[in-house]
Amino acid sequence: MHILVIGGAGYIGSHVVKALLKRNMEVTVLDNLSTGTKLNLFPQANFIEGDILNYDQILTALKQNVDGIVLLAGKKAVGESMENPMKYALNNINGVINVLNAMVEANVKKAIFSSSAAVYGMPQYLPLDEEHPVNPMSFYGFTKLETERFLKWYDQLKGIKFVSLRYFNAVGYDEAGDVKGLEENPQNLLPIVMEAAIGKREKLKIFGNDYPTRDGTCIRDYIHVTDLGSAHALALEYLDNGGESQILNLGTSIGSSVLEMVNKTEEIIGKKIPYEFAPRRAGDPAELTAKADKAKEVLGWEATHSDLENIISSTWNMYKNL
């Protein structure tokens with residue numbers, strides 16, 4: 001299979017590319033390098049510098065005997081999406097429509113979409129399964145949900161089969177060190193913990209210590225990017241074998257609190273993490289954990305790299321020499 005990975009030079013995208021190459025797929029990466037980096041490109045993959053807002057660039061790439069796509073080129077900062085919805089509408093909705101229309105024109109029928117647990121909103125029960133009501137609390141989550149709706153229509157009308165993978169909290173780095181590039185201006189907990197550990201930032205802010213959880217801080221379901229990568233490869237093989245369109249959670253069903261993540265990091269790296277408590281952020285649920293049984297049933301996928309020790313160690317290996 002020849003797969004076009006749109007956003008393949010980014011943090012998650014580069015781990016997906018590695019997983020596809022490992023399963024002997026031919027890979028072309030299309031990325032505008034706005035957040036991705038050439039450091040993350042693999043020599044075995046072709047590279048096109050291009051943008052999902054440029055229809056002709058997408059179409060040209062798809063016409064190179066591409067069998068399917070992985071779509072990862074979305075803006076993903078929840079807070080920014082609430083302040084600048086125009087940017088997110090343009091990239092995450094207009095860009096997706098460009099990709100889908102180009103797929104129709106190029107007769108490419110398989111798509112794996114990088115979705116998010118943000119589509120669910122405030123949990124009504126835990127762990128969250130795929131039948132949980134969807135009610136995004138951010139414009140970012142709204143764009144992910146709208147893309148899933150577009151995919152369903154393009155399946156119905158144009159026969160594009162898709163697997164939408166709803167990630168929970170993506171963390172960690174390739175254990176072999178093949179992914180070299182760090183995220184710029186990270187928004188997620190663990191990279192911020194690491195920046196506090198190496199003195200790049202003065203301290204970590206923990207938003208809220210009065211949640212109804214075991215230590216008062218938010219609990220999240222952390223999934224290693226190597227596990228995310230393998231899910232994309234399995235999803236492509238599933239579609240290649242004639243599978244029907246699916247929406248699947250990717251998580252571990254195990255929640256870790258912010259303080260547990262900090263304490264475990266201190267234990268592994270042998271350093272204290274400076275932190276302070278700050279007021280809660282609007283819209284942060286106390287706890288989010290996934291039920292990922294369906295991904296195991298449909299794809300035969302399980303998280304095998306996502307224990308806290310591996311998540312933290314693989315991330316520390318990227319930061320400790322900065």
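These figures come from a predicted structure and were not determined experimentally.

Caption draft 1: Expanded view of the overall build of the protein. Per the secondary structure count, the protein includes 10 helices and 12 strands. Along the first, second and third principal axes, the C-alpha atoms of the protein reach 55 × 40 × 40 Å. Looking at the 322 residues of the protein, the share that counts as buried comes to 54%. Considering only intrachain contacts with a sequence separation of at least 6, the fraction spanning at least 24 residues in the protein is 77%. Surface accessibility of the protein: about 14,100 Å² in total, with carbon and sulfur atoms responsible for 48%. For the protein, the distance from the average site of its 32 positive side-chain charges to the average site of its 40 negative ones is 2 Å.

Caption draft 2: Here's a closer look at the sheet that holds strand β5 (residues 110-116). Reading across from one edge, β3-β2-β1-β4-β5-β6-β10 is the order of the seven strands in this open sheet, with parallel pairing throughout. Looking along the sheet, the strands with just one partner apiece sit at the ends: β3 (46-49) and β10 (246-250). If you compare each strand with its neighbour and ignore which way they point, the axes differ by 20° on average. Where strand β1 (residues 2-6) and strand β4 (residues 68-71) come together, four bridges link them in parallel fashion. Bridging across to β4, Leu-4 finds its partner in Ile-69. Lying over the sheet, helix α5 (residues 139-158) contacts β5, β6 (161-167) and β10, oriented at roughly 155° with respect to β5.

Caption draft 3: Seen up close, the sheet that holds strand β7 (residues 169-171). With mixed pairing, three strands are arranged side by side in an open sheet as β7-β9-β11. For this open sheet the edge positions go to β7 and β11 (255-257), each flanked by a neighbour on one side alone. Here the strands of the sheet are splayed against their neighbours by 55° on average, with no regard to which way each runs. Pairing of strand β9 (residues 219-224) with β11, which is carried by three bridges, proceeds in the antiparallel orientation. For Asp-221, the partnering residue across the bridge sits in β11 and is Gly-255. The strands touched by helix α7 (residues 225-240) within the sheet are β7 and β9, with β9 carrying the most contacts at an inclination of about 65°. Sitting on the sheet, helix α8 (residues 258-269) touches β9 and β11, and the angle it makes with β11 is about 75°.

Caption draft 4: Layout of empty space enclosed by the protein. Scanning the entire structure with this criterion turns up three cavities of 30 Å³ or more. Surrounding the largest cavity, Ile-52, Leu-71, Leu-72, Ala-73, Gly-74, Asn-91, Asn-92, Val-96, Phe-113, Ser-114, Lys-144 and Thr-147 form its lining. Elements that contribute at least two residues to the lining of the largest cavity include exactly α4 (85-106), β5 and α5. It is α4 that provides the largest number of residues to the lining of the largest cavity, a total of three residues.

Caption draft 5: Inspection of the pattern of salt bridges at higher detail. This model, assessed by the stated rule, comprises 20 salt bridges. As a salt-bridge pair, Arg-149 and Glu-146 come within 2.8 Å of each other at their nearest N and O atoms. Here Arg-149 and its partner Glu-146 are both found in helix α5, three residues apart, which amounts to about one turn of the helix. Asp-210 is the partner of Arg-280 in a salt bridge, and the nearest nitrogen-oxygen pair spans 2.9 Å.

Caption draft 6: Structural view of α4. Its 22 residues place the ends of α4 30 Å apart at the C-alpha level, agreeing with the 32 Å of an ideal helix rising 1.5 Å per residue. When α4 is considered as a whole, its buried residues turn out to be Tyr-88, Asn-91, Asn-92, Ile-93, Gly-95, Val-96, Asn-98, Val-99, Leu-100, Ala-102, Met-103 and Ala-106. If you follow the buried residues of α4, they end up packed against β1, α2 (55-62), β4, α3 (78-83), β5 and α5.

Caption draft 7: Main features of the pairing of strand β2 (residues 26-31). Burial runs high along β2: five of the six residues are buried. As paired strands, β1 and β2 are joined by five bridges and run parallel to one another. Within β2, the residue paired with Ile-6 across the bridge is Leu-30. Note on the crossover from β1 through helix α1 (residues 11-22) to β2: the handedness is right-handed.

Caption draft 8: Fine view of the packing of α4 against α5. Running from amino to carboxyl end, α4 crosses α5 at an angle of 15°, the nearest separation of the two axes being 10 Å. With respect to α5, the element α4 is oriented roughly parallel. Crossing of α4 against α5: the hand is right-handed. Between α4 and α5, the contacting residues are Pro-85, Tyr-88, Ala-89, Asn-92, Ile-93, Val-96, Ile-97, Leu-100, Asn-101 and Val-104 on the first element and Phe-139, Tyr-140, Phe-142, Thr-143, Glu-146, Thr-147, Phe-150, Leu-151, Tyr-154 and Lys-158 on the second.

Caption draft 9: Just the nonpolar core, in detail. Ranked by internal contacts, the top residues of the largest apolar core, which has 63 residues, are Ile-12, Leu-20, Val-70 and Trp-301. Among the elements that make up this core, the one with the highest residue count is α7 (nine residues). Residues in contact with Val-70, not counting those within four places in the same chain, are Ile-3, Leu-4, Val-5, Ile-6, Val-16, Leu-20, Ile-112, His-232 and Leu-236. Formed by 25 residues, the second largest nonpolar core is a distinct cluster that contains Leu-4, Leu-30, Val-66 and Phe-113.

Caption draft 10: Representation of unusual backbone geometry in the model. Geometrically, the link from Leu-126 to Pro-127 is a cis peptide bond, its omega value of -5° lying close to zero. Phi is positive for Leu-33, close to 60°, though the residue is something other than glycine. Looking at the secondary structure, you find Leu-33 in the loop between β2 and β3. At Asn-65, a residue that is not glycine, the phi angle is positive and equals roughly 55°. Structurally, the position occupied by Asn-65 is in the loop between α2 and β4.

What counts, and at which threshold
Residues numbered from 1 in each chain as written. Predicted model: local features only at pLDDT ≥ 70, side-chain atom pairs only at ≥ 80, totals over all residues. Heavy atoms only, no water. Helix = DSSP H or I, 4+ residues; strand = E, 2+ residues; numbered from the N terminus. Buried < 20%, exposed > 50% of the residue type's maximum accessible area, 1.4 Å probe, protein only. Contact = heavy atoms within 4.5 Å. Areas by Shrake-Rupley, 256 points an atom, 1.4 Å probe, with all protein chains shown as cover. Lys, Arg positive; Asp, Glu negative; His and termini not counted. Charge placed at Lys NZ, Arg CZ, Asp CG, Glu CD. Pairing = 2+ DSSP bridges. Axes fitted to C-alpha atoms, helices over the stretch in contact; angles between N-to-C directions. 1 Å grid on protein atoms, 1.4 Å probe; cavity = no way out; pocket = protein on both sides within 12 Å on 5 of 7 lines; lining within 4 Å. Points joined across faces, edges and corners; volume = space filled by probe spheres on them. Salt bridge = Lys/Arg side-chain N within 4 Å of Asp/Glu carboxyl O. Expected span 1.5 Å × (residues − 1). Right-handed = clockwise from strand over helix to strand, strands pointing away. Parallel < 35°, antiparallel > 145°, perpendicular 65-115°, else oblique. Left-handed = near helix turned anticlockwise from the far one by under 90°. Core = buried A, V, L, I, M, F, W, Y, C linked by side-chain atoms within 4.5 Å.

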